[in-house]
Every structure is written in C-alpha cells, then in structure tokens.
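# Geometric and topological summary
One letter stands for each residue in the lines below.
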Amino acid sequence: MAVVAVRGASLQPVLDVAVPVLLGVLSVVQLVAEPPPGDPTLLTVGALASVLPLAVRRRAPLAVTVVVAAGVVGQVLVADGAPATFASFVATMICVYTLVREARPGRMAAGLGLLAIAISAVTVLQARADPIEPFEFVYPLVYFGAAGALGALVRQRAQRLSAAEGLARALETELQREAEVAAAFERARIARELHDVVAHGLSLMVVQAEAAEEMLGRSPEAAAVPLRRVQETGREALGEMRRLLGVLRTPADATPSTAPQPSLRRLLELVQEAADVGLRVDVATEGTPVDLPLGVELAAYRIVQEALTNVRRHAAARHACVRLGYGSTELRVEITDDGRGPGVGDRPGHGVIGMRERAALYGGTVTTGPAPGGGFSVVAVLPLEAGAR
C-alpha cells in the first residue's frame with residue numbers, strides 16, 4: 001500500500017498538467033470541427049481559459065474556479081448563446097470536485113456559489129438563443145452533484161487515513177516510550193545485581209588476602225595460590241565495576257539484597273519450577289564446562305529464566321529445551337519450545353528487552369524468532385573473557 005501511495009503521489013504532478021493540456025486540445029479540435037457563431041479568436045481564448053488553469057487547481061482551487069467560470073460564460077456570450085465546448089463542461093465538473101476535495105469550507109461555499117451563478121447564467125443565455133426543455137435545467141445538477149459527492153467521499157477517506165496515520169504515530173511513540181522505560185528498569189535491576197557480584201568478589205579478595213598473610217610466615221610458596229586467586233578475582237571485580245558504571249542505578253528507595261546471586265548451577269531449580277506448571281524442560285550441554293566470570297554466569301542464568309517464563313506465559317508449549325554450548329571464546333545459550341511461535345506483527349516484550357540489555361552489557365547478542373521445527377527460539381551469545389577458567 002505504501003508503494004502504491006508513493007507512485008500515486010509521483011504521478012499527480014504529471015496528471016495535473018496532462019489533463020488540462022488534453023482538454024485544451026479537445027477544445028481546439030471541437031472549435032475547428034464545429035465552429036460556433038462568434039469571433040473564433042475570442043472563442044478560442046475563452047475555451048482555453050476554461051481548461052488550462054486546471055493545472056494549478058490544487059494550489060488555488062477558488063481562483064481557478066473563478067477563471068474557469070468566466071471562460072465558460074464568456075464562450076456562451078461570444079457565441080450568442082451557443083453551448084460552450086464539451087471540455088469546458090468537463091473542466092467545470094473538475095472544479096466542483098476540487099473545491100469539495102481540497103478547499104476550506106468557506107472557500108468551498110464561495111466557489112460552489114460562483115459556479116451555481118455561472119451555470120444559471122449560461123442556462124439563461126442558451127434559453128434565449130434556443131428554447132430548452134425543463135429537464136435541461138436538471139441534468140447539470142446531476143452531473144455536478146455527482147462530482148461533488150465524489151470529492152466529498154475522497155476528502156473523508158483522506159481525513160480518515162490521516163487520522164489513522166496520526167494514531168499509528170502516537171502508538172509507535174508510546175510503544176517506544178514503554179520500551180525505553182522497560183530498558184531503564186532492566187538496567188537498574190542489572191546494576192543492583194552487579195553491585196552484589198562486585199561486593200561478593202571484594203569480600204572473597206579480603207578472605208584470600210588474609211589467608212595468604214597467614215601462610216607467608218609458615219609456607220611462602222603456598223601463599224602464592226591465594227595471592228593468584230586475589231589477582232584473578234580482582235580483575236573480574238574490576239570488569240564488573242566498569243559495567244556497573246555503565247548502567248543506571250535505581251533511586252535511593254531500592255533496598256540492597258544480601259542474598260547470593262544465582263548461577264547456572266541452579267538451572268535444575270528452573271527446570272523444577274517449569275515442571276510444576278506442566279512444562280517439561282530438558283537441559284543439554286555441549287563442549288567442556290568451564291568456570292565463568294560471575295557476571296556472565298548471572299546473565300546466562302537470567303536469560304534462561306526469562307525465556308522459560310515467557311514460554312510458560314505465552315507459548316502454550318508442553319516441552320522446552322535449554323542448550324548450553326561452551327566454546328573457547330563464547331558461551332552460547334539456546335532456549336527452544338514447541339509452542340505456537342511468534343505471531344505476525346508481534347513486538348518484543350519487556351522480557352526480550354531485558355535479555356538483550358543483559359547480553360549487550362557483556363558484548364553479546366540475543367536473537368529471537370521462530371524455531372526451525374516450530375515454536376519459538378531464543379539464542380544468546382556471550383563472549384568469554386580471559387577471566388573464564
């Protein structure tokens with residue numbers, strides 16, 4: 001539909017010029033083939049004056065109507081009551097259509113009133129030269145009424161289309177605002193969790209440093225192990241701190257949590273929660289599992305948790321599968337189900353926005369869409385840093 005509208009808009013300027021030119025040619029041909037009484041030059045000027053101004057009818061509908069009406073009346077006057085050209089009659093109908101379609105209410109009323117006066121004058125002039133039947137007073141009303149009705153119909157359709165487009169833009173703006181609010185909320189939640197991860201890492205560093213201090217007196221060689229662990233934990237905590245600074249904190253009313261953050265070791269709890277509501281979940285592992293940075297492991301867990309929650313709420317599925325793929329440079333998390341899959345025009349919900357925010361925090365990606373065998377698929381790829389062991 002958009003392509004058709006664009007093509008129609010591009011052809012409109014051509015038609016605006018082509019139609020009056022064609023009517024002008026028809027007027028000249030009629031005057032030559034059936035010359036009416038009167039001065040040929042004046043008749044030709046009147047005929048062309050009643051059709052050529054149509055080229056600018058959309059920009060100045062009232063002014064064009066005045067010129068066209070004058071041209072029609074002028075032809076009848078010069079021809080001693082003989083009818084104007086057929087092209088002039090068509091031009092008058094186009095003026096009626098344009099006034100109803102394009103003009104403001106005040107200008108529309110003025111233009112239609114002017115045309116009514118012009119048509120009445122032409123009818124009276126023709127009746128003086130050649131008596132006309134009563135129905136000849138009626139048929140112009142039918143033709144011009146049809147032109148006006150068509151203009152009104154097109155105008156109403158354009159107004160409804162404009163209103164629908166405005167509503168669609170407002171809805172798109174509202175959806176964008178909701179997405180931004182959801183992303184901000186999710187970033188705040190991620191920030192709180194990362195705060196706990198960093199706090200846990202720093203606490204672990206303190207404990208290991210104390211252990212190393214005690215070992216220095218008895219066995220300096222053995223103290224090297226906790227000291228290396230302090231270095232590794234410090235690097236991880238520093239990386240998480242950088243990420244923490246990149247996301248928003250919630251207002252001061254957020255209560256810090258002292259509970260330990262979940263990890264992939266708790267996947268079985270998610271499986272059991274799904275089973276309790278009738279969803280069977282299988283977990284498969286590819287590659288050799290390694291110790292992951294706490295933030296990456298937390299992100300992977302939350303992505304699985306959110307994906308399974310969406311399956312239970314929206315997919316009407318009976319079976320889901322979670323696959324963890326450990327590679328040398330990335331962790332791949334894939335969640336699929338046998339539900340009904342995405343609908344046409346579905347937009348990503350807050351859950352998907354949250355998953356993408358978490359993955360992006362670690363330089364990863366989340367891809368959602370139909371699964372190859374039916375249902376829905378969520379694939380997250382999280383790069384592994386040097387901290388993975």
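Scroll up to find the structure.
Residues numbered from 1 in each chain as written. Predicted model: local features only at pLDDT ≥ 70, side-chain atom pairs only at ≥ 80, totals over all residues. Heavy atoms only, no water.

Turning our eyes to something else, we now look at the packing of aromatic side chains. Following the criterion strictly, the structure yields three aromatic pairs and no others. Taking the centre distance of 6.2 Å and the plane angle of 35 degrees together, the rings of phenylalanine 86 and phenylalanine 89 count as tilted. With a gap of three residues between them, phenylalanine 86 and phenylalanine 89 both fall in helix α4 (residues 86-102), about one helical turn apart. For phenylalanine 86, a relative accessible area of 55% gives the class exposed. Overall, phenylalanine 89 belongs to the partly exposed group, its relative accessible area being 24%. Ring centres of phenylalanine 89 and tyrosine 143 lie 5.7 Å apart, and the angle between their planes is 85 degrees; this geometry places the pair in the edge-to-face category. Here the residue phenylalanine 89 occupies a position in helix α4, and tyrosine 143 occupies one in helix α6 (residues 135-218), the gap between them amounting to 54 residues. Here tyrosine 143 falls in the partly exposed class, since its relative accessible area comes to 42%. (Phe/Tyr/Trp six-rings, centres within 6.5 Å; stacked < 30°, edge-to-face > 60°. Helix = DSSP H or I, 4+ residues; strand = E, 2+ residues; numbered from the N terminus. Buried < 20%, exposed > 50% of the residue type's maximum accessible area, 1.4 Å probe, protein only.)

With 36 residues, the main nonpolar core has Leu264, Val281, Val304, Leu308, Leu331, Val333 and Ile335 as its most contacted residues. Breaking this core down by element, the ones donating at least two residues are α8 (267-276), α9 (294-315), β2 (319-326), β3 (330-337), α10 (350-361) and β5 (376-383). It is α9 that contributes the most residues to this core, 10 residues altogether. Not counting residues up to four positions away in its chain, the partners in contact with leucine 308 are Leu270, Val281, Ala320, Val322 and Ile335. With 24 residues, the next largest nonpolar core counts Leu23, Val73, Val76 and Ala91 among its residues. (Core = buried A, V, L, I, M, F, W, Y, C linked by side-chain atoms within 4.5 Å. Contact = heavy atoms within 4.5 Å.)

When we look at burial in α8, the residues that qualify are Leu267, Leu270, Val271 and Ala274. Buried residues of α8 fall within an arc of 100 degrees about the axis and therefore sit on the same side. More than 90 degrees from the buried face of α8, the exposed residues found are Leu268 and Asp276. Where α8 is buried, its residues meet β1 (280-286), α9 and β2. A positive phi of about 90 degrees marks glycine 278, the residue just after α8. (Arc of directions from axis to C-beta.)

This brings us to the side chain of arginine 57. Topologically, arginine 57 is positioned in the loop between α2 (40-49) and α3 (61-78). For arginine 57, a relative accessible area of 13% puts it in the buried group. Within the structure, arginine 57 has its side chain in polar contact with the side chain of threonine 98 (distance 2.6 Å). Leave out the neighbours within four places in its chain, and arginine 57 touches Asp16, Val64, Ile94, Tyr97 and Thr98. (Polar contact = N/O pair within 3.5 Å; in protein donor to acceptor, adjacent residues only side chain to side chain.)

Turning our attention to a nonpolar patch on the surface. A cluster of nonpolar side chains, Val17, Val21, Val25 and Val29, forms an exposed patch at the surface whose accessible area comes to about 320 Å². Within the secondary structure, valine 29 sits in helix α1 (residues 2-33). (Patch = residues over 30% accessible without salt bridge, like charges linked within 9 Å, V, L, I, M, F, W, Y side chains within 5 Å. Areas by Shrake-Rupley, 256 points an atom, 1.4 Å probe, with all protein chains shown as cover. Salt bridge = Lys/Arg side-chain N within 4 Å of Asp/Glu carboxyl O.)

Below, the discussion takes up the environment of arginine 59. With respect to the helices, strands and loops of the structure, arginine 59 is situated in the loop between α2 and α3. The exposed category is assigned to arginine 59, whose relative accessible area is 70%. Residues arginine 59 and alanine 103 lie 44 residues apart in sequence; the distance between their C-alpha atoms is 9.3 Å.

A few words now on the pairing of β3. Among the eight residues in β3, six count as buried, and that is most of the element. Alignment of β2 against β3, held across seven bridges, turns out to be antiparallel. For tyrosine 326, the partnering residue across the bridge sits in β3 and is leucine 331. Connecting the antiparallel pair β2 and β3 is a turn made up of three residues. Bridge analysis of β3 against β5 gives seven bridges, and the strand direction is antiparallel. Directly across from glutamate 334, in β5, lies its bridge partner valine 379. (Pairing = 2+ DSSP bridges.)

What follows deals with the packing of α8 against α9. Closest axis-to-axis distance for the α8/α9 pair is 11 Å, and the angle between their directions is 5 degrees. Here α8 lies roughly parallel to α9, going by the angle between them. Of the residues in α9, those touching α8 at Leu267, Leu270 and Ala274 are Tyr301, Val304, Gln305, Leu308 and Arg312. A breakdown of the residues in the contact of α8 with α9 according to their chemical character gives six nonpolar, one polar and one charged. (Axes fitted to C-alpha atoms, helices over the stretch in contact; angles between N-to-C directions. Parallel < 35°, antiparallel > 145°, perpendicular 65-115°, else oblique. Nonpolar A, V, L, I, M, F, W, Y, C, P; charged D, E, K, R; others polar.)

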